Amino acid sequence: MRRIKARRKYLSKQSTPSKRSLQLPIRQPQQNKNAIQPIQPQLLHEDTPQRATGWQRLAAQAQRINQMAAELEDAILELKAIASEVNCDRLVDKNHVKSSCEYFKTSVPCVKRKQAGTFVLTTRQVDLFRAEREAAQLANTLRSLAKKRRKLMSTSPQRNKLGFLSLHI
């Protein structure tokens, strides 16, 4: 118990400042409401948050227009497919049928971006007969492959039912 009291007395003496040491109060900085604000460097118009969101909104709207143009092109091609079905149905009923739909050159709007970053609103042609051309090209390719295969089969040795070559000796 004596040790504890002595220890407390020792610690209390250590924590109180001595008469020789100078104690200065810590000053808190004063807030001056009339202070002049520092001049900030002028920001470029692209760097401001409002402009950045403006460019982002512009790019998003351009992407939306292009998406809608793709959907419009799909709808136009679907119209052509439906018209083709209607023509086939009418052909069964009569021998000579006038087409149910006429086709002219058509285009859809699109937004392109130049290398300088500016957007350009323009149009893009819709190829209404691309599927028919591709189908005709594929048919021609398959026909030529079939001809080559028939030609090779006629000149190659005969094979039996199991697919093995049969030799005639």
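Notes on the structure follow.

### Remarks on the overall build of the protein chain
Along the protein chain, the regular secondary structure elements total three helices and two strands. Along the protein chain, from the amino end to the carboxyl end, the secondary structure elements read α-α-β-β-α. A buried classification covers 8% of the 169 residues belonging to the protein chain. If you take every contact in the protein chain between residues at least 6 apart in sequence, the share linking residues at least 24 apart comes to 36%. Summed over all atoms, the accessible surface of the protein chain reaches about 16,900 Å², with 56% contributed by carbon and sulfur.

### A short note on the pattern of salt bridges
Working definition: two side chains of opposite charge can pair if their charged atoms are close together. Going through the model one piece at a time under the given rule, you end up with four salt bridges. Put simply, Arg130 and Glu134 hold a salt bridge, and the shortest N to O gap is 3.5 Å. Separated by four residues within a single helix, Arg130 and Glu134 lie in helix H3 (residues 130-155), roughly one turn from each other. Arg130 sits in the partly exposed class, given a relative accessible area of 45%. Residue class for Glu134 comes out partly exposed when judged on its relative accessible area of 44%.

### Structural notes on the pairing of strand S1 (residues 106-113)
As defined by bridge partners, S1 adjoins strand S2 (residues 119-126) across eight bridges and the pair is classed as antiparallel. Bridge assignment links Pro109 to a residue of S2, and that residue is Thr123.

Thresholds applied
- Residues numbered from 1 in each chain as written.
- Predicted model: local features only at pLDDT ≥ 70, side-chain atom pairs only at ≥ 80, totals over all residues.
- Heavy atoms only, no water.
- Helix = DSSP H or I, 4+ residues; strand = E, 2+ residues; numbered from the N terminus.
- Buried < 20%, exposed > 50% of the residue type's maximum accessible area, 1.4 Å probe, protein only.
- Contact = heavy atoms within 4.5 Å.
- Areas by Shrake-Rupley, 256 points an atom, 1.4 Å probe, with all protein chains shown as cover.
- Salt bridge = Lys/Arg side-chain N within 4 Å of Asp/Glu carboxyl O.
- Pairing = 2+ DSSP bridges.

Keep in mind these values describe shape, not function.
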